[in-house]
Amino acid sequence: ALTTPTVLQVIYLSIVHYKIIMKFLFLASCLFLLSRQGSAFHVAPRLQPSTSLGMFGGAGAAAPKEDNPEEAKQMAQMAQAMGMSVEEYTMAMNARARLEKSLDNTMVKAGKADTVQVERDLNNPAKKFEVTITEGGKALGKEGLSKELVAALKKSAEEARVGRAKAQREMMEYIGEQLKK
C-alpha cells in the first residue's frame, strides 16, 4: 500500500534534488566554458609529478599537500563557496585536469602527407599547431596549395571539435563513475 509522503519527507527530497541539480549545473558550466575557450581553466605547466603524488590517497594532483595547511584551507573554502564537499571539489578538479591533459595530448592530422598536412591538438584555439608543406605541395602552385591548405585546416578544425566532444563525454563518464563510489 502506498502512503502519502509527509511534508518533511517532501522538503528533504527537494533539498537532495536541489543539491544534485546544482552540482550537475556546476559541472555543465565548466564543460561549456571549456568548449568555448581553450584557456578557460588554463593551469601553469607543472613539473613531472613524482610517485608520491596521490599514490595512496587516490585524490591525485588536486589533493592538497599534507605539509601545506594553507592549500588545504583554500581548497575547503573553494568547495564551500561552490556548495560542494572537499571530496566532490577534488573530484571535479581531477576531472578538469584529466580533460585538460586529454585536450593537450591528443593530436589530429588532416590533409595529405605528400602535399599539405596540418597537425594540431584538441584545444580551441590550439596550443600546438603545425603545418607541413612539402615540395609536392609547392608544385601545386599558389591556387592549388591554397585550396589544399584551406581543406586541411577545415578538416583539422572539425576533427578537433569531434575530439573535444569525445574528451568531454569521457570526463562526464569519469565523474559518473566517481559519484557511484
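See the structure shown above.
Residues numbered from 1 in each chain as written. Predicted model: local features only at pLDDT ≥ 70, side-chain atom pairs only at ≥ 80, totals over all residues. Heavy atoms only, no water.

Points about the nonpolar core
Next, step 1: Grouped together as the largest cluster of nonpolar side chains are 19 residues, with contacts concentrated most on A92 and I175.
Next, step 2: At seven residues, the largest contribution of residues to this core is made by helix α3 (residues 86-105).
Next, step 3: Contacts of I175, omitting those with residues within four sequence positions, involve L27, M91 and A95. (Core = buried A, V, L, I, M, F, W, Y, C linked by side-chain atoms within 4.5 Å. Buried < 20%, exposed > 50% of the residue type's maximum accessible area, 1.4 Å probe, protein only. Helix = DSSP H or I, 4+ residues; strand = E, 2+ residues; numbered from the N terminus. Contact = heavy atoms within 4.5 Å.)

Re the pairing of strand β2 (residues 116-121)
Next, step 1: Within β2, five of the six residues are buried, which leaves the element mostly enclosed by the surrounding structure.
Next, step 2: Alignment of strand β1 (residues 107-111) against β2, held across five bridges, turns out to be antiparallel. Paired with V108 across the two strands is R120, which belongs to β2.
Next, step 3: Joining the antiparallel neighbours β1 and β2 is a turn of four residues.
Next, step 4: Looking at chain direction, β2 and strand β3 (residues 129-133) are connected through five bridges and run antiparallel. Bridge pairing in β3 places Q117 opposite T132. (Pairing = 2+ DSSP bridges.)

Remarks on the sheet that holds β1
Next, step 1: With antiparallel pairing, three strands are arranged side by side in an open sheet as β1-β2-β3. Edge strands, defined here as strands with exactly one partner in the open sheet, are β1 and β3. Here the strands of the sheet are splayed against their neighbours by 15 degrees on average, with no regard to which way each runs.
Next, step 2: Strands β1, β2 and β3 of the sheet are contacted by helix α5 (residues 141-180), whose axis makes an angle of about 25 degrees with β2. (Axes fitted to C-alpha atoms, helices over the stretch in contact; angles between N-to-C directions.)

As for the environment of V162
Next, step 1: The residue V162 is located in helix α5 in this model.
Next, step 2: Separated by 40 residues in the primary sequence, V162 and L122 have C-alpha atoms spaced 8.7 Å apart.

Quick look at the packing of α3 against α5
Next, step 1: Two elements in contact, α3 and α5, have axes whose closest approach is 10 Å; the angle formed by their N-to-C orientations is 155 degrees. It follows from the interaxial angle that α3 and α5 lie roughly antiparallel. Between α3 and α5 the crossing geometry is right-handed. In this structure, α3 uses M91, N94, A95, R96, R98, L99, S102 and L103 to contact α5, whose residues at the interface are R164, A167, Q168, M171, Y174, I175, Q178 and L179.
Next, step 2: Among the residues forming the contact of α3 with α5, the class breakdown is nine nonpolar, four polar and three charged. (Parallel < 35°, antiparallel > 145°, perpendicular 65-115°, else oblique. Left-handed = near helix turned anticlockwise from the far one by under 90°. Nonpolar A, V, L, I, M, F, W, Y, C, P; charged D, E, K, R; others polar.)

Notes on helix α2 (residues 69-81)
Next, step 1: Over its 13 residues, α2 runs 18 Å from end to end, which matches the ideal 18 Å to within 8%, given 1.5 Å per residue.
Next, step 2: A positive backbone phi angle near 70 degrees is found at G83, which sits one or two residues after α2. (Expected span 1.5 Å × (residues − 1).)

Regarding α3
Every α-helix winds through 3.6 residues per turn, so residues three or four apart in the chain are directed the same way.
Next, step 1: End to end, α3 covers 28 Å across 20 residues, agreeing with the expected 28 Å (1.5 Å per residue, within 8%).
Next, step 2: When we look at burial in α3, the residues that qualify are E88, Y89, T90, M91, A92, M93, N94, A95, R96, L99, E100 and L103.

Things to note about the packing of aromatic side chains
Next, step 1: According to the stated counting rule, one finds zero aromatic pairs in the structure shown.
Next, step 2: Across the ring face of Y174, the terminal group of R98 is positioned such that the distance to the ring centre comes to 4.0 Å. (Phe/Tyr/Trp six-rings, centres within 6.5 Å; stacked < 30°, edge-to-face > 60°. Lys NZ or Arg CZ within 6 Å of the ring centre and 35° of its normal.)

Some thoughts on the environment of E119
Next, step 1: Relative to the helices and strands, E119 resides in strand β2.
Next, step 2: In sequence terms E119 and F129 are 10 residues apart; their C-alpha atoms lie 5.9 Å from each other.
Next, step 3: When neighbours within four sequence positions are excluded, E119 is seen to be in contact with M107, V108, K109, K128, F129 and E130.

Overview of the packing of α2 against α3
Next, step 1: Look at α2 against α3: their axes get within 9 Å of each other, and the N-to-C directions meet at 95 degrees. As judged from the angle between their axes, α2 and α3 are roughly perpendicular. On α3, the residues touching M75, A76, M78 and A79 of α2 are V86, Y89 and T90.
Next, step 2: For the contact of α2 with α3, the class distribution of residues is six nonpolar, one polar and no charged.

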